[in-house]
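Examining the three-dimensional arrangement
What follows is each chain in one-letter form.
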Amino acid sequence: MSLDENELPRTEDEWRIRLTPEEFRVLREAGTERPWTGEYVDTKTPGVYHCRACGAELFRSDDKFDSHCGWPSFDDAIPGAVKEIPDHTLGMARVEIRCARCDSHLGHVFEGEGFTPKDTRHCVNSLSIRLEPKQV
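If you're wondering where the values come from, they're calculated on a predicted model, not measured in any experiment.

Quick look at unusual backbone geometry
We note that Ala-30 has phi near 55°; this positive angle belongs to a residue other than glycine. Tracing the chain through its elements places Ala-30 in the loop between helix H2 (21-27) and strand S1 (47-51).

Right under this line is the structure:
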């Protein structure tokens, strides 16, 4: 199989070839990395966060904030970049967020917690995103 880097895989087997086993577990099987272990939990570097699976722009560093929850948190996504899906796993009602381009799992979104004026927290796995630092 030879997929162009810009071409999206069409099967889960193709995704397995493109992603590491841990990335596949989080992005394609809706897994979660352990809290406080992700590379972007405390990152303050200016730039844009892209989907690790397909490269789509998802979040801007200006929208990242310290929620002290153990995962990177953003109070907004780039318009149209993220889709929300009701999630009733683990015996609770949550809202899953997925990349709008490739349907990969990013994390969950929570509202009404009061962390920021936008009152929204996109709680994202570091394994779901990749930071492209702002060029100086």
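Structural notes on the sheet that holds strand S6 (residues 94-99)
Overall, antiparallel pairing links the six strands, which are arranged S3-S4-S8-S7-S6-S5 in an open sheet. The sheet is open, and its two edges are formed by strand S3 (64-65) and strand S5 (82-87), each paired on a single side. Summarising the sheet, strand S4 (residues 73-74) and strand S8 (residues 120-124) pair through two bridges and their orientation is antiparallel. Bridged to Phe-74 within S8 is His-122.

Digging into the UniProt feature "domain: MsrB" (unreviewed entry) in the chain
UniProt annotation of "domain: MsrB" (unreviewed entry) refers to residues 12-134 when read in the numbering used here. A distance of 32 Å separates the end C-alpha atoms of residues 12-134, which is 11% helix and 34% strand.

Some points on the packing of aromatic side chains
All told, the structure shown has four aromatic pairs when counted by the stated rule. When the ring of Phe-65 is compared with that of Phe-115, the centres are 5.9 Å apart and the planes differ by 40°; the resulting orientation is tilted. Of the two residues, Phe-65 sits in strand S3 while Phe-115 sits in the loop between strand S7 (105-111) and S8, which places them 50 residues apart along the sequence. Taken together, the ring pairs connect Tyr-40, Tyr-49, Phe-59 and Phe-74 into an aromatic cluster.

Here's the deal with the nonpolar core
If you look at the biggest cluster of nonpolar residues, it comprises 26 residues, and the most contacted ones within it are Leu-58, Phe-59 and Val-82. Among the secondary structure elements, those contributing two or more residues to this core are H2, S1, strand S2 (57-60), S6, S7 and strand S9 (129-133). Considering every element that reaches this core, the biggest residue donor is S1, with three residues.

Cut-offs used in this document
- Residues numbered from 1 in each chain as written.
- Predicted model: local features only at pLDDT ≥ 70, side-chain atom pairs only at ≥ 80, totals over all residues.
- Heavy atoms only, no water.
- Helix = DSSP H or I, 4+ residues; strand = E, 2+ residues; numbered from the N terminus.
- Pairing = 2+ DSSP bridges.
- UniProt positions renumbered as here; feature names shortened; annotations may be inferred.
- Phe/Tyr/Trp six-rings, centres within 6.5 Å; stacked < 30°, edge-to-face > 60°.
- Core = buried A, V, L, I, M, F, W, Y, C linked by side-chain atoms within 4.5 Å.
- Buried < 20%, exposed > 50% of the residue type's maximum accessible area, 1.4 Å probe, protein only.

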